[in-house]
Each structure stands twice: as C-alpha cells, then as structure tokens.
Amino acid sequence: MAINFIDLQAQYRAYKEEIDREILEVCESAQFIGGPKIAALENALSLYTGAAHAIACSSGTDALLLALMALGIGSGDEVITTPFTFIATAEVIAFLGAKSVFVDIEEKTYNIDAHKIEAAITERTKVIIPVALYGQCADMDAINAVAAKHGLSVIEDACQSFGATYKGKKSCNLSTIGCTSFFPSKPLGCYGDGGAIFTHDDELAQKMRMLLNHGQNARYKHRYIGINGRLDAIQAAVLSVKLKHFDHELALRQKIAARYDDGLFTCNNVATPYIKADRDSVYAQYSIRVKDRDNVAAALSARGIPTAVHYPMALHLQEAFAPLGYKAGDFPISEKISEEIMSLPMSPFLSHDDQEQIIAALKALHA
Ligand SMILES: *Cc1c(COP(=O)(O)O)cnc(C)c1O
C-alpha cells in the first residue's frame with residue numbers, strides 16, 4: 001500500500017466510536033451553531049493553552065483577520081511579518097487595506113529573524129505577526145520586547161503550532177493574541193474548516209466575539225461591522241474528542257521526528273529540522289532541505305513516497321503582492337529556503353515500517 005503523507009483515515013478509525021457519538025449528539029440536538037459543544041471546546045482550549053480567553057472561529061485565516069480587525073488595523077497601517085509562510089498570514093493584512101512589511105527569516109529555524117525587526121519599524125507600524133513555522137515558535141521574548149518598546153501588538157500565527165511550547169508556555173498564549181487553525185491536516189484538525197483565537201485581554205476577547213458574529217452585541221444590535229466567522233458545533237464536537245488524545249499524538253509526532261533525525265543524520269546532503277533548546281515543535285511538517293529537491297521528490301514518488309513543498313515561493317514574489325513593490329533578492333534567505341525545502345510524510349499514525357522505507361530511500365539517494 002502506498003504511504004500517506006498524513007494518515008487522517010487511520011486517525012478516524014482510532015477514535016471512530018467517540019467521534020461518531022459526538023457528531024450524532026449534535027445532529028439529534030439540532031444545535032448546529034453555538035451551544036454547549038462550542039462552550040465546552042472553548043473551555044478545554046483555554047485550559048490547554050493557559051490563555052484566559054479561547055474563542056472558536058471559522059478558520060485560521062479568519063482568526064488572523066478577526067485579530068487584526070479587533071486591533072483596528074486598516075488603511076495606512078503597516079504590519080511586520082515573514083515572507084516565508086502560507087499566504088493567509090499576509091493576505092488578511094492586505095484584505096484590510098494595510099501594508100505587509102516583510103522581514104527575512106533565520107536560516108536554521110525558518111522563522112522571522114527577531115534581530116531584523118526593529119529596522120523595519122516605522123511610525124505606521126502597528127502589529128508584528130511572527131509565524132511558528134512547521135510547529136516551532138519564533139523568538140517570542142525578543143519579539144514581544146521590541147513590540148513593547150515601540151508600543152506594538154503581537155499576533156502569533158500559531159496555525160501550525162497548537163500544542164507547541166516555548167520556555168514552558170504554550171503556543172497561542174505567548175503574545176497579545178494567538179491564532180490557530182483546525183484545518184484537517186494541522187496537528188489538531190477538525191473535519192472541515194475551523195480555528196481559534198486566544199488572548200488574555202478581556203476587551204479584545206469581547207470585541208472578537210462580537211466581530212465573528214456580525215459585530216453583534218445583542219440580538220440584531222450591531223456595534224461593529226463584523227463577519228460570519230463562527231465555528232459550527234459539529235466541528236467543535238470532533239475537536240473535543242481529538243483534543244483528549246492530542247498529547248499522546250504529540251508524543252508520537254516527536255518520536256517520529258526523532259527517528260527521522262537519527263535516520264537522516266548521516267545523509268550529508270539533507271538538513272534536518274533545527275529546534276532551539278528552549279522550545280519544542282509539534283512538527284506540523286517534518287521539513288528537510290535538499291539541494292536537488294525536484295530529483296529527490298521524483299525519486300521518492302517513484303517509490304510510492306509522497307512529499308510536499310511548504311512553500312515553493314516566498315510571498316514577496318507572489319503576483320498578488322506585486323503592489324508591495326518587492327523584487328527577487330530582497331529576502332535572500334527566504335528565497336533560498338523556498339528552493340530547497342521539502343516535507344516528508346508525518347502523522348502520529350505513520351508506521352515504523354513506512355518510516356524506515358522513507359529513510360532508506362533518502363539514504364540510498366544520498367549515498
Ligand atoms: C494553515 C495556515 C493558515 C490558515 O489557516 P486556515 O484554517 O486554512 O484558514 C494561516 N497561517 C499559517 C501559517 C498556516 O499554516
């Protein structure tokens with residue numbers, strides 16, 4: 001049988017009884033929007049991350065959008081972020097009429113280089129959005145410090161890092177606002193689109209709750225222009241079941257990552273992930289770097305081993321961001337990494353045999 005990039009079917013089989021029962025309960029109650037499943041999930045998410053407020057919403061993209069809306073970001077504002085991320089991070093900035101100001105990444109972690117942020121700050125800068133790429137947090141202490149010095153807010157794009165820790169604290173609970181995604185292939189995924197927003201700030205929390213429900217503060221009373229950004233109850237039900245098994249899954253992810261690290265250690269042409277000592281990764285992706293990526297991907301594919309590229313083009317080179325006026329060469333590290341990066345199959349359900357096959361294939365290619 002071919003190897004899965006992420007084995008969501010095996011995961012469903014593992015929790016099928018619980019998940020089916022929870023989904024049926026929602027169907028029988030007919031409370032599809034709001035209700036006890038949403039409240040229970042939010043409570044569990046708040047306990048898990050330590051954030052005072054956890055707000056379920058419709059996707060990671062909408063979580064980021066709602067966070068920026070709550071901070072009042074719009075035309076004339078600048079938001080600093082990384083060009084080496086999924087487009088949603090910068091898309092929401094542009095969507096609100098604000099301007100993305102990119103700062104290049106660190107060569108080892110692929111996260112925004114905190115040392116380069118201050119030079120990008122202008123009097124228009126309002127927010128910094130670090131991304132915890134592949135499941136490892138950025139240098140949040142340094143980023144929070146530079147933000148505090150200049151009176152800026154920090155939104156952690158934790159769409160790939162739910163469950164990760166940084167100096168003993170959980171991702172999503174490290175800055176003004178944390179945003180995560182429950183897209184099916186994320187470390188904690190639902191069965192459709194979903195996301196959550198986290199904060200300690202009571203006022204921001206209240207505002208985001210209104211914004212995701214059409215800006216409504218009482219039925220048919222609208223304080224703000226908002227969106228329909230709600231999570232639905234079936235997704236909340238699925239997530240509540242999966243959250244119970246999540247720490248066990250994270251342990252498996254880390255074991256699998258360690259096995260890749262050990263197995264690929266002797267491959268001279270393969271750079272394995274670098275995780276800083278004061279944090280851990282949830283390995284949303286296990287991404288390696290190889291010089292001859294297309295050949296490696298083709299050779300692995302020929303042996304039934306799927307790979308993916310996260311991400312093949314830095315955002316400043318995307319056509320959609322042409323109005324920002326960046327050009328090739330502006331962010332050399334992001335550009336170089338985007339040409340070499342490649343993700344290997346990763347899920348808590350990746351079998352030992354399959355993984356050995358993947359490691360052996362890479363070793364054979366790089367002998
Ligand atoms: C997945 C992802 C998003 C968007 O999440 P959706 O739930 O798909 O909207 C945003 N940022 C990053 C870094 C992501 O990986």
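Structure report, in brief. Since we're looking at a predicted model, the values are computed, not measured. (Residues numbered from 1 in each chain as written. Predicted model: local features only at pLDDT ≥ 70, side-chain atom pairs only at ≥ 80, totals over all residues. Heavy atoms only, no water.)

Concerning helix H7 (residues 233-244)
The end-to-end C-alpha distance of H7, which contains twelve residues, comes to 17 Å, matching closely the 16 Å that a straight helix rising 1.5 Å per residue would cover. Within H7, nine of the twelve residues are buried, leaving the element largely enclosed by the surrounding structure. Those residues of H7 lying buried are Ala 233, Gln 235, Ala 236, Ala 237, Val 238, Leu 239, Val 241, Lys 242 and Leu 243. On its buried side, H7 packs onto helix H1 (8-29), helix H2 (36-49) and helix H8 (246-264). Between the side-chain oxygen of the N-cap and the backbone nitrogen of Ile 234 there are 3.3 Å, and the N-cap of H7 in question is Asp 232. (Helix = DSSP H or I, 4+ residues; strand = E, 2+ residues; numbered from the N terminus. Expected span 1.5 Å × (residues − 1). Buried < 20%, exposed > 50% of the residue type's maximum accessible area, 1.4 Å probe, protein only. Contact = heavy atoms within 4.5 Å. Polar contact = N/O pair within 3.5 Å; in protein donor to acceptor, adjacent residues only side chain to side chain.)

Notes on empty space enclosed by the protein
Counted under the stated rule, the structure contains two cavities of 30 Å³ or more. In this structure, the largest cavity occupies an estimated 90 Å³ of space. In terms of lining, the largest cavity is formed by 14 residues, of which the most central are Leu 133, Tyr 134, Gln 136, Pro 273 and Ile 275. Grouping the amino acids of the lining of the largest cavity by side-chain chemistry returns eight nonpolar, five polar and one charged. The computed volume of the second largest cavity comes to approximately 80 Å³. Here the residues of the lining of the second largest cavity sort into six nonpolar, four polar and five charged. (1 Å grid on protein atoms, 1.4 Å probe; cavity = no way out; pocket = protein on both sides within 12 Å on 5 of 7 lines; lining within 4 Å. Points joined across faces, edges and corners; volume = space filled by probe spheres on them. Nonpolar A, V, L, I, M, F, W, Y, C, P; charged D, E, K, R; others polar.)

A closer look at the environment of Ala 299
Checked against the element boundaries, Ala 299 lands in helix H9 (residues 293-302). By relative accessible area, which is 21% here, Ala 299 ends up partly exposed. Sequence-wise, Ala 299 and Leu 133 are 166 residues apart; in three dimensions their C-alpha atoms are separated by 26 Å.

Concerning the pairing of strand E8 (residues 177-181)
Of all the five residues making up E8, five are buried; the element is thus mostly covered by neighbouring parts of the structure. Residues Ile 177, Cys 179 and Ser 181 of E8 are buried on one face, and the alternating residues Gly 178 and Thr 180, pointing to the opposite face, are buried as well. Two elements, strand E5 (residues 153-157) and E8, share three bridges in a ladder whose sense is parallel. Among the inter-strand pairings, Ile 155 is bridged to a residue of E8, identified as Ile 177. In terms of strand pairing, E8 meets strand E9 (residues 195-199) through five bridges, oriented antiparallel. (Pairing = 2+ DSSP bridges.)

Examining the environment of Asp 20
Mapping Asp 20 onto the fold places it in helix H1. According to the relative accessible area criterion, Asp 20 is partly exposed, its value standing at 25%. Sequence spacing of Asp 20 and Ala 237 is 217 residues, and the spatial spacing of their C-alpha atoms is 9.5 Å. Polar side-chain contacts of Asp 20 include one of 2.7 Å to the side chain of Lys 16.

Quick look at the sheet that holds E8
Ordered in space as E1-E9-E8-E5-E4-E2-E3, the seven strands form an open sheet in which the pairing is mixed. Among the strands making up the open sheet, the edge pair consists of strand E1 (53-57) and strand E3 (99-102). Direction aside, neighbouring strands of the sheet carry axes that sit 25° apart on average. Along the sheet, helix H4 (residues 88-95) contacts strand E2 (78-81), E3, strand E4 (125-129) and E5; its crossing angle with E3, the most-contacted strand, is approximately 140°. (Axes fitted to C-alpha atoms, helices over the stretch in contact; angles between N-to-C directions.)

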